[in-house]
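Topology and contacts: notes
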Number of protein chains: 2
Amino acid sequence: MNIIDNAAVQQHLAHVRIVMVNTTLPANIGSALRAMKTMGLCKLVLVAPKTYPHPDIDALAAGASDLIDQIQIVETLEDAIKDCHLVFGTSARTRTIPWPLLDARPAAQKSMQAVIEDRQEIAVVFGREDRGLTNEELALANYHVTIPVNTEYGVLNVAQAIQIICYEMRMAAVEHMDTPVDTDATMQVTDEESMHWDEPLVTHEQMEQFYPHIEKMLAEIEFLDPKNPRLLPLRLRRLFGRIQLDRMEYHLLRGIFSRVQALNNGTWKKSAEKEDQPNA
Amino acid sequence: MNIIDNAAVQQHLAHVRIVMVNTTLPANIGSALRAMKTMGLCKLVLVAPKTYPHPDIDALAAGASDLIDQIQIVETLEDAIKDCHLVFGTSARTRTIPWPLLDARPAAQKSMQAVIEDRQEIAVVFGREDRGLTNEELALANYHVTIPVNTEYGVLNVAQAIQIICYEMRMAAVEHMDTPVDTDATMQVTDEESMHWDEPLVTHEQMEQFYPHIEKMLAEIEFLDPKNPRLLPLRLRRLFGRIQLDRMEYHLLRGIFSRVQALNNGTWKKSAEKEDQPNA
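Now for a quick tour of the structure. (Residues numbered from 1 in each chain as written. Chains lettered and ligands numbered in written order. Predicted model: local features only at pLDDT ≥ 70, side-chain atom pairs only at ≥ 80, totals over all residues. Heavy atoms only, no water.)

1. Observations regarding helix 9 (residues 204-220) of chain B
Helical periodicity: at 3.6 residues per turn, an α-helix aligns residues three or four positions apart in one direction. Threshold: Only DSSP runs of H or I covering at least 4 residues are called helices, and only runs of E covering at least 2 are called strands; the numbering of each starts at the N terminus. Multiplying one less than the number of residues by 1.5 Å gives the expected span of a helix. Contacts: residue pairs with any heavy atoms within 4.5 Å of one another.
The terminal C-alpha atoms of helix 9 of chain B lie 25 Å apart, and with 17 residues this matches the ideal 24 Å at 1.5 Å per residue to within 8%. Against the buried residues of helix 9 of chain B lie helix 11 (247-265) of chain A together with helix 5 (77-81), helix 10 (232-243) and helix 11 (247-265) of chain B. Once helix 9 of chain B ends, the next one or two residues include Glu222 of chain B, with phi positive near 60°.

2. Quick look at the pairing of strand 2 (residues 43-47) of chain B
All names here are of chain B. Test applied: Throughout, exposure labels follow a simple rule: accessible area from a 1.4 Å probe, protein chains only, divided by the maximum for the residue type, with under 20% read as buried, over 50% as exposed, and the rest as partly exposed. At least two bridges found by DSSP between two strands are what make those strands a pair. Seen with its strands pointing away from the viewer, a crossover is right-handed when the path leading from the first strand over the helix to the second is clockwise.
Most of strand 2 sits out of view: four of its five residues are buried. Where strand 1 (residues 16-21) and strand 2 come together, five bridges link them in parallel fashion. Paired with Val19 across the bridge in strand 2 is Val45. Note on the crossover from strand 1 through helix 2 (residues 26-39) to strand 2: the handedness is right-handed. Across three bridges, the pairing between strand 2 and strand 3 (residues 72-74) is parallel. Bridged to Leu46 within strand 3 is Ile73.

3. What to know about the interface of chain B and chain A
So the rule is basically this: Take the accessible area each of two parts loses on contact, using a 1.4 Å probe, and add the two losses: that sum is the buried area. Basic side-chain nitrogens of Lys or Arg form a salt bridge, by our definition, when they fall within 4 Å of a carboxyl oxygen of Asp or Glu.
Listed per partner, the contact involves 78 residues of chain B and 72 residues of chain A. Taken over both partners, the interface formed by chain B and chain A buries close to 6900 Å², and the fraction arising from carbon and sulfur atoms is 57%. Summed over the three residues of chain B that lose the most area to chain A, namely Arg105, Tyr153 and Tyr167 of chain B, the buried surface amounts to 10% of that side. Scanning the region where chain B abuts chain A turns up nine salt bridges.

4. So, the nonpolar core
Quick reminder of the rule: Residues belong to one nonpolar core when they are buried, are Ala, Val, Leu, Ile, Met, Phe, Trp, Tyr or Cys, and are joined through side-chain atoms within 4.5 Å.
In this structure, Ile18, Ile147 and Ile162 of chain A together with Ile18 and Ile162 of chain B are the most contacted members of the largest nonpolar core, which totals 101 residues. For this core, the element with the most residues is helix 8 (residues 158-176) of chain B, which contributes 12 residues. Not counting chain neighbours up to four residues away, the residues in contact with Ile18 of chain B comprise Met36, Leu41, Lys43, Leu44, Val45, Val124, Phe126, Ile162 and Cys166 of chain B. Counting 48 residues, the second largest nonpolar core, distinct from the first, contains Leu245 of chain A together with Val202, Met217 and Ile243 of chain B.

5. Quick notes on the sheet that holds strand 1 (residues 16-21) of chain A
All names here are of chain A. Short version of the rule: Here the axes come from fitting lines to C-alpha atoms, over the contacting stretch only for helices, and the angles between their N-to-C directions go from 0 to 180 degrees.
Spatial strand order, 3-2-1-6-4-7-5: seven strands in an open sheet with parallel pairing. Edge strands, defined here as strands with exactly one partner in the open sheet, are strand 3 (72-74) and strand 5 (101-103). The sheet shows a mean angle of 30° between the axes of neighbouring strands, taken without regard to direction. As paired strands, strand 4 (residues 86-90) and strand 7 (residues 143-146) are joined by three bridges and run parallel to one another. Within strand 7, the residue paired with Phe88 across the bridge is Tyr143. Across the sheet, helix 6 (residues 104-118) is in contact with strand 1, strand 4, strand 5, strand 6 (122-126) and strand 7; its angle to strand 5 comes to roughly 100°.

6. Concerning the side chain of Arg235 of chain B
Relative to the helices and strands, Arg235 of chain B is located in helix 10. If near-sequence neighbours (up to four positions away) are discounted, Arg235 of chain B is found in contact with Met248, Glu249 and Leu252 of chain A.

7. Examining the packing of helix 9 (residues 204-220) of chain A against helix 11 of chain A
All names here are of chain A. Condition: An angle below 35 degrees is treated as roughly parallel, one above 145 as roughly antiparallel, one from 65 to 115 as roughly perpendicular, and anything else as oblique. The handedness criterion is simple: a crossing whose near helix is rotated anticlockwise from the far helix by less than a right angle is left-handed, and one whose near helix is rotated clockwise is right-handed. Residue polarity follows a fixed list, in which Ala, Val, Leu, Ile, Met, Phe, Trp, Tyr, Cys and Pro are nonpolar, Asp, Glu, Lys and Arg are charged, and the others, Gly among them, are polar.
Remark: helix 9 packs on helix 11, axes separated minimally by 10 Å, with the N-to-C direction vectors making an angle of 25°. It follows from the interaxial angle that helix 9 and helix 11 lie roughly parallel. Two packed elements cross with a definite hand, and for helix 9 against helix 11 that hand is left-handed. Across the interface between the two elements, Gln206, Met207, Gln209, Phe210, His213, Ile214, Lys216, Met217 and Glu220 from helix 9 touch Tyr250, Leu253, Arg254, Phe257, Ser258, Val260, Gln261 and Asn264 from helix 11. In the contact of helix 9 with helix 11, the residues fall into eight nonpolar, six polar and three charged.

So this is what it looks like as structure tokens:
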């Protein structure tokens with residue numbers, strides 16, 4: 001299993017702040033904190049919130065109260081982002097001003113590259129529940145960022161949008177880091193699937209002993225005709241080749257093959273027959 | 001910006017069903033529908049929901065009422081997934097049974113590849129609010145899927161988890177499609193190795209006949225003790241669950257099991273023995 005250094009990921013994510021402008025519903029602030037903490041972000045800046053503080057914030061941010069203590073309240077968006085290097089304004093695709101636009105994923109990748117390689121400070125700015133960011137506010141951003149949605153029903157609320165942005169930030173941080181793989185990480189992590197195993201996978205070399213074994217067993221029980229095997233050996237290779245056996249499964253299957261062989265050649269008897277033996 | 005054929009994306013996503021098991025809070029069902037619709041999914045299956053119908057579902061699913069009409073209610077998880085080819089069980093990393101585990105992103109990529117290239121039906125199964133899925137339910141899945149979170153505060157609720165899974169499904173569908181990419185396209189289409197099948201894959205329902213067959217065969221040759229099967233049935237499910245058998249392979253393996261059974265109970269004889277018969 002990939003061992004992710006959670007502390008290091010969070011150290012990087014500490015350089016990404018979430019900025020909420022003129023938020024009306026305290027519940028959205030609470031949900032934002034929870035979404036942030038779940039993904040490892042910690043810095044929330046509120047620009048002139050309508051209602052603050054409020055018990056709904058604490059209720060929805062259950063378990064993330066340490067982030068509540070760190071909230072910064074500022075009067076203007078300028079104040080919220082003045083020490084940032086890279087500012088993203090969130091925007092629906094139907095925005096009215098033309099601007100460099102990134103989807104959430106490449107925006108997060110760009111952000112984490114900027115943090116990890118250049119120690120930059122990043123802000124992602126979210127607008128009002130009802131009408132988002134003004135054109136003036138959007139113009140303060142380096143990029144606009146959008147979350148790809150069903151174009152016929154693109155109604156992510158601000159808490160859901162923050163959830164996805166924070167998720168992408170975490171994914172980008174983990175991807176960007178050269179995570180040390182521990183020594184008993186016996187399975188090779190494939191690039192596409194990154195599947196986690198408790199048992200080491202068998203090697204190609206071991207599988208080259210597996211196929212002759214299953215073929216010999218099948219020949220012995222006359223399921224396979226060695227003189228005319230047709231496609232059977234190929235099918236077995238396709239089947240067990242894509243399964244990627246681990247060591248336990250490998251020995252399990254070879255154990256079954258051996259049992260069938262022993263059953264077939266009479267070197268193994270059923271326990272009932274063995275018990276019969278002395279009586280005979 | 002990528003020009004995306006929204007209708008085509010949704011056609012693909014229609015093959016991915018979200019399954020919620022024993023959900024307690026109607027609000028979570030409503031939020032799930034909204035998350036699904038936002039990302040273009042449409043099929044929700046509820047396994048024995050605690051409270052249904054309920055006005056909170058309609059309230060939180062505002063604008064997604066067409067999905068409410070399509071909800072399927074079933075009694076068991078088996079019913080929810082029987083016609084599926086690929087079943088994902090959602091699980092925290094601290095799960096107790098070892099199983100092929102994918103993060104949300106590769107799981108979504110695998111799903112959309114299966115849908116687009118092989119017309120497979122996919123299910124992603126979410127458990128109870130308080131205690132998730134049981135080990136028995138998790139054992140029905142081909143893969144377990146997990147959302148990478150802050151390991152010190154991994155408390156995504158079910159609606160948030162569904163939001164992220166649906167988002168990744170949409171992203172994977174868009175990536176996988178041959179969309180015309182214009183010059184400032186920010187998203188790269190990954191070139192994943194793709195497996196093409198000449199044979200249809202078997203469904204979950206067919207596999208539920210496969211496991212009793214192999215277990216019966218192994219019990220008959222006393223490789224498995226039905227009174228004390230230990231982890232063997234689980235290991236077989238894990239192994240053949242992730243292999244995704246096609247129809248040919250399915251019949252091939254079941255043919256081998258039947259041969260071994262016939263060999264064991266004496267209803268099948270080796271040809272040499274059969275030839276000996278007349279001479280005796």
